[in-house]
Amino acid sequence: MTKVASLEKALSFITDECVLMYGGFGGVGNPPTIINGILEKGVKDLILIGNDAGFPEIGIGKIVSRERAKKLITTHIGSNPIAGKLMVEGKLEVEFCPQGILAERIRAGGAGLGGILSDIGIGSVIEKGKQKVLVGGREFLIETPLQADVAIVHAKKADTYGNLIYDKSARNTNPIVATAGKITIAEAEEIVEVGELDPESIITPGIYVDFIVQSKGVDWKWAWE
Amino acid sequence: MGMGVDIRNHIARRAAKEIKDGMIVNLGIGIPSLVSNYLTPDIRVMFHSENGILGMGESPEKGEEDAMLCNAGGFPVTILPGASYFDSSTAFGMIRGGHLDITILGGLEVSEKGDLANWVIPGKRVPGIGGGMELAEKAKKVIVLMSHVNKNGEPKILKECTLPLTAKNCVDLIITDMAVMEVTESGLILKEVMEPYTVEDVVKSTGAPLTIRMEGNEFD
């Protein structure tokens, strides 16, 4: 059974107001083919969960700057000034989370945990509205798990079962995000038959992946050009 | 922050002297990213990047960039022998687990107790938290590089920060275009003054008391 699907099929799961989690860090590792597909399909009012707001014309940044999202749970929007502008204008709700804690909340969501205990941000705005617990005399915040209707990731290679291998620093949040979608769609640069990937080198086991689409190539090198 | 390239490089060169052979180091964006240019060849360190690299090397030559190999700011980098890649959960596990020897960060304000504000200017700039909180709270040594005063000439080193905090009691050393100051339990110690400034200039531009204990100048 192959999980390889057309882009149209994969996009059929991404609808207005759905919670969409995305892999990538500063645009690098966002799945551009799926993102461009979302834009062409005209989906709106998305609730986005991911590391950052990308760049205005790169990766997930395009969805933000074209006002297709109503909420963003993230760590940083500095590389996408349009995100900041929309936030100030009240057109985009932004919830900030420390970077590693966002990763752990996503991991908790994918791993069936009720949350994580974190001492990051105690005494700052981060603790606002969060329950605190004492463990061994130390104070921690309860950080809740994050899951998504659909998670989208970028991989260097996929086999038809959905086992994934990533590419250098484009790995970043992708392996964690892949675990936390009710439906996970991987965009892969190369798709091979099962058995062709070395089991020792697989980073994301195929159990997490529902659909694989062929990438049309990445667009994020423009971040520095 | 309105400082010239020469001054930014001067601060970076002074900060490089805090890095010792064998350390694991994370450099923030802005002036901190210049520090690696000033390490002498006898100093070998592993540069950590929160997007999932340990063992980052220099910027690639133009035309040699790899779209899949970037630092946390999205700019192309290279790797050194012994480098590794990992996911963001691992990258921050390294930070929170206390495995980083030094982080060098930018700053908007630092208090005399070592509180750091560097993530937001309410109503003006909202870049976000990123990995700054974890780095500031959990690295073994936190060095802040910034201009001594803001663009209105007001001190950025204060008794109490006025901007929202990134982390409390986290800063160990402050290096500015005017001076080097250590944060101790009994307050700020002025250790070095950068030319052409005098101790009086530094005291006048600082919003918290300074104990003066000059022990030789590492600026060059």
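Just so we're clear, the structure is a prediction, and the values are computed from it rather than from any experiment.

Parameters and conventions
- Numbering of residues starts from 1 in each chain and follows the order in which that chain's sequence is written.
- Chain A is the first chain written and ligand 1 is the first ligand written, with later ones labelled in order.
- Local features in this predicted model are restricted to residues whose pLDDT is 70 or higher, and side-chain atom pairs enter the listing and the counts only when it is 80 or higher, whereas totals over whole chains, interfaces and linings include all residues.
- Labels follow a simple rule on C-beta atoms placed from the backbone: if 20 or more others lie within 10 Å of a residue's own, it is buried; if 12 or fewer, it is exposed; otherwise it is partly exposed.
- Helix and strand definitions follow DSSP, with helices as H or I runs of at least four residues and strands as E runs of at least two, each counted in order from the N terminus.
- We call two residues in contact when the distance between their C-beta atoms, placed using the backbone, is within 7 Å.
- Per-residue confidence from the predictor is reported as pLDDT, a score between 0 and 100.
- Strands are treated as partners if at least two bridges between them are detected by DSSP.
- Only the stretch in contact is used when a helix axis is fitted, and all axes are lines through C-alpha atoms; the angle between N-to-C directions ranges over 0 to 180 degrees.
- The length a helix should cover is 1.5 Å for every residue beyond the first.

*Asks:* An account of helix α2 (residues 32-41) of chain A is requested, with residue identities and associated values reported.
*Replies:* All names here are of chain A. Within α2, the full set of buried residues consists of P32, T33, I34, I35, G37 and I38. For α2, the elements touching its buried residues are α1 (7-11), α3 (61-65), β8 (148-159), β10 (181-192) and β11 (211-214). Downstream of α2 by one or two residues, G42 has phi in the positive range, about 85 degrees.

*Asks:* Lay out the interface of chain A and chain B in plain terms, naming residues and giving numbers.
*Replies:* Interfaces are frequently sized by the accessible area removed from exposure as the parts join. Taken together, the contacts link 39 residues of chain A with 35 residues of chain B. When contributions to the side of chain A that touches chain B are tallied by element, the ones reaching two or more residues are α4 (81-88), α5 (99-110) and α6 (174-177) of chain A. Of all the elements, α5(A) adds the most residues to the side of chain A that touches chain B, at 5 residues.

*Asks:* Which residues make up the confidence of the model for chain B, and what values do they have?
*Replies:* Where the model shows low pLDDT, its predicted coordinates should not be examined in detail. Looking at chain B, pLDDT values average 93 and 99% of them are 70 or higher. Confidence estimates for the predicted assembly give a pTM of 0.94 and an ipTM of 0.95.

*Asks:* So what's going on with the sheet that holds strand β6 (residues 132-135) of chain A? Residues and values would help.
*Replies:* Residues and elements named next belong to chain A. Strand order in the open sheet formed by 3 strands is β5-β7-β6, and the pairing between neighbours is antiparallel. Sheet topology places β5 (116-118) and β6 at the edges, where each strand pairs with a single neighbour. Between one strand axis and the next, the sheet turns through 45 degrees on average, direction left out of account. Inspection of the sheet shows β6 paired to strand β7 (residues 138-143) by 4 bridges, in the antiparallel sense. Across the sheet, residue V133 finds its bridge partner in β7, namely F140. Here α5 sits on the sheet in contact with β5 and β7, set at roughly 165 degrees to β5.

*Asks:* Please set out the sheet that holds strand β9 (residues 157-158) of chain B residue by residue, giving values where relevant.
*Replies:* With mixed pairing, 3 strands are arranged side by side in an open sheet as β7-β6-β9 (chain B). Of all strands in the sheet, those bounded by a partner on one side alone are β7 (116-117) and β9 of chain B.

*Asks:* Lay out unusual backbone geometry with the relevant residues and their values.
*Replies:* With an omega of 5 degrees, the peptide bond between E195(B) and P196(B) qualifies as cis. Along the chain, P196(B) falls in the loop between β12 (187-193) and α4 (199-204). Phi angles above zero are rare outside glycine, and E67(A) is one such case at about 60 degrees. Looking at the element boundaries, E67(A) is found in the loop between α3 and β3 (69-74).

*Asks:* Residues and numbers for the environment of L92(A), please.
*Replies:* Residue and element names in this part refer to chain A. On the secondary structure map, L92 appears in the loop between α4 and β4 (93-96). A tally of 21 C-beta atoms within 10 Å means that L92 is categorised as buried. For the pair L92 and K70, spaced 22 residues apart in the sequence, the C-alpha separation amounts to 5.0 Å. When sequence neighbours within four positions are dropped, the list of residues in contact with L92 reads A69, K70, L72, A83, L86 and M87.

*Asks:* Give a detailed account of α5(A), specifying residues and quantitative values.
*Replies:* For α5(A), with 12 residues, the first-to-last C-alpha span of 17 Å sits near the 16 Å given by 1.5 Å per residue. For α5(A), the buried fraction is high: 12 of the 12 residues fall into the buried class. For α5(A), every residue scored as buried is listed here: Q99(A), G100(A), I101(A), L102(A), A103(A), E104(A), R105(A), I106(A), R107(A), A108(A), G109(A) and G110(A). Summarising the contacts, the buried residues of α5(A) are in contact with β1 (19-22), β5, β7 and α6 of chain A together with α2 (88-96) and α3 (132-138) of chain B. Positive backbone phi, approximately 70 degrees, marks G112(A), located one or two places after α5(A).

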